[in-house]
Amino acid sequence: KGEVAALLLAGGQGTRLGYDGPKGMYDIGLPSHKTLFQLMAERIKKLSEMSGGKVPFYIMTSPLNHKATTEYFAKNDNFGIDVTFFPQGTLPAITPEGKMILETPTKLALAPDGNGGIYPALVKHGIIEDMKSRGIKYIHAFGVDNALVKPADPTFVGYCVKQDADVGNKVLWKTSPGEKVGVVASKGGKPCIVEYSDISKEMSERRGEDGRLVFGAGNICNHFYTLDFLENTIVPNLGSMYHIARKKIPYYDADAKETVKPTANNGIKLESFIFDVFPLSKRMAVLDVARVEEFSPVKNPPGTDSDSPDTARALFSGVARMWLERAGAKLVGDLESDQCEVSPLKSFGGEGLGEYEGKEVSCPFSI
């Protein structure tokens, strides 16, 4: 019906990965060498083909990477899908006394307004109006650093619609009390995300009768919204969502006539988080999904033990092997290889692989 849109938060750079460019243009080392952007775009293309409709892809960049991102997609003909780009905003950095900080004699020190900046950016760049004109009713928003993300995921979106939810959150249950991830909770009867640093040891270790952690619904920046909720509930409340973050902010020293990089926190940045709007929800849905099939984060440099391109590639390969085994294939060769790949253009979520039933597939493979 064309009522669902995919919304990507892609303002981050690949600095922590040792990559000089938008994080979405990073290649995690699959046999195809597809970037994170390409994997997501091809999943949307496959989903559009399967549904017989069109899934618009909205990408929020940052002022730092907007040009590189749009040029990359243009060079690849937007991977054959409908893509709209818009940059997130920035806000002036201020001193503890509330004065704006100069970075140069003629330029204010500006900082991105956090991933919660997606909401004012949707308004500023006319994205909400564009969605309305297309007949969009539901939005699936997600971050750029998950190689296994399922854009416009029919299971997640369908679950939220069936629950008549205004907001939805796809979560992974924490593997241990000490896992550093925010969790879904209820505060004053309203849904919210509580950061791991704000939960007491007793609360983080508390378990239910089923043995699972009570506060275990880990937040992975994977959210659902109705367009009505975005327009009529979030937008009117944008002004009250900013947090203070004390940071080291380069400033212009008028006496030395140069820009100085401080060694200690000297200023304040205002930022908001995408989940700050959750308490506004009247009907929030939460869907717990399988970690091994849905989450392969790419945050740390190659060679790191967790959340690195290496671990993401291994998880991606594991899913490819799992799909073929479910389809009835017999896997042989290096069953631990991290060079196993099923193209998103072949299968969105493991479907369409019946041709491999009863056949022998040698690992590694690229299908």
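Up top is the structure these notes are about.
None of these values were measured; they are calculated from a predicted model.

Chemist: Just checking my understanding: could you explain the overall build of the chain for this structure?
Modeler: A tally of helices and strands in the chain yields nine helices and 19 strands. Each principal axis of the C-alpha atoms in the chain carries an extent, and together these give about 75 × 45 × 45 Å. Here the chain, with 367 residues, has 47% of them falling under the buried criterion. If you take every contact in the chain between residues at least 6 apart in sequence, the share linking residues at least 24 apart comes to 72%. Between the averaged position of the 43 positive side-chain charges in the chain and that of its 46 negative side-chain charges there is a distance of 2 Å.

Chemist: Before we go on, may I ask you to explain the nonpolar core in this structure?
Modeler: A general feature of soluble globular proteins is that nonpolar side chains tend to end up buried together. Leu8, Ile28, Met40, Phe57, Val298, Leu324 and Phe365 are the most contacted members of the largest nonpolar core, which has 58 residues in total. Ranked by the residues each element gives to this core, the list is headed by helix α1 (residues 36–51), at seven residues. Those residues in contact with Leu324, other than ones at most four positions away along the chain, are Ala329, Leu331, Leu353, Tyr356, Val361, Phe365 and Ile367. If you look at the next biggest cluster of nonpolar residues, it comprises 33 residues, including Ala5, Ile127, Ala141 and Ile193.

Chemist: Explain a nonpolar patch on the surface to me, please; I cannot follow it from the model alone.
Modeler: Judged by side-chain polarity, Met100, Leu102, Leu108 and Leu110 come together as a nonpolar surface patch covering roughly 350 Å² of accessible area. Here Leu102 lies in strand β5 (residues 102–104).

Chemist: Please clarify how the side chain of His223 should be interpreted in this entry.
Modeler: Tracing the chain through its elements places His223 in strand β12 (residues 217–226). Assessed through its relative accessible area of 0%, His223 is described here as buried. Looking at His223, its side chain comes within polar contact range of the side chain of Asn169, at 2.7 Å.

Chemist: Would you take a moment to explain the environment of Lys257 for this structure?
Modeler: Looking at where Lys257 falls in the secondary structure, it is placed in the loop between β14 (251–253) and β15 (258–260). In this structure, the C-alpha to C-alpha distance between Lys257 and Gly354, residues 97 residues apart in sequence, is 69 Å.

Chemist: How should helix α4 (residues 127–134) be read in this particular structure?
Modeler: Burial in α4 covers these residues: Ile127, Ile128 and Met131. Along α4, the residues classed as buried sweep out an arc of 100° about the axis, all on the same side. Note on α4: the residue one or two positions beyond its end, Gly135, has a positive phi of about 85°.

Chemist: What's the story with the packing of aromatic side chains in this structure? I'm lost.
Modeler: The geometry of an aromatic ring pair comes down to the distance between the two centres and the angle between the two planes. For the coordinates displayed, the defined rule picks out eleven aromatic pairs. Geometrically, the ring pair formed by Tyr138 and Phe224 is stacked, given 5.9 Å between the ring centres and 25° between the ring planes. In this pair, Tyr138 sits in strand β8 (residues 138–143) while Phe224 sits in strand β12, placing the two residues 86 residues apart along the sequence. Put simply, the rings of Phe37, Tyr72, Phe73, Phe79 and Phe85 pair up and form one aromatic cluster. Against the face of Trp173 rests Arg212, its NZ or CZ located 3.9 Å from the ring centre.

Chemist: How should I be thinking about α1 in this particular structure?
Modeler: Residues spaced three or four apart along an α-helix point in a common direction, a consequence of the helix completing one turn every 3.6 residues. The terminal C-alpha atoms of α1 lie 23 Å apart, and with 16 residues this matches the ideal 22 Å at 1.5 Å per residue to within 8%. Listing the buried residues of α1 in full gives Leu36, Phe37, Gln38, Leu39, Met40, Ala41, Glu42, Arg43, Ile44, Lys46, Leu47 and Ser48. Considering only its buried residues, α1 is in contact with β1 (4–9), β2 (57–61), α2 (66–75), β8, α5 (154–162) and α9 (309–326). Phi turns positive one or two residues past the end of α1, at Gly52, with a value near 75°.

Reading guide: rules and limits
Residues numbered from 1 in each chain as written. Predicted model: local features only at pLDDT ≥ 70, side-chain atom pairs only at ≥ 80, totals over all residues. Heavy atoms only, no water. Helix = DSSP H or I, 4+ residues; strand = E, 2+ residues; numbered from the N terminus. Buried < 20%, exposed > 50% of the residue type's maximum accessible area, 1.4 Å probe, protein only. Contact = heavy atoms within 4.5 Å. Lys, Arg positive; Asp, Glu negative; His and termini not counted. Charge placed at Lys NZ, Arg CZ, Asp CG, Glu CD. Core = buried A, V, L, I, M, F, W, Y, C linked by side-chain atoms within 4.5 Å. Patch = residues over 30% accessible without salt bridge, like charges linked within 9 Å, V, L, I, M, F, W, Y side chains within 5 Å. Areas by Shrake-Rupley, 256 points an atom, 1.4 Å probe, with all protein chains shown as cover. Salt bridge = Lys/Arg side-chain N within 4 Å of Asp/Glu carboxyl O. Polar contact = N/O pair within 3.5 Å; in protein donor to acceptor, adjacent residues only side chain to side chain. Arc of directions from axis to C-beta. Phe/Tyr/Trp six-rings, centres within 6.5 Å; stacked < 30°, edge-to-face > 60°. Lys NZ or Arg CZ within 6 Å of the ring centre and 35° of its normal. Expected span 1.5 Å × (residues − 1).

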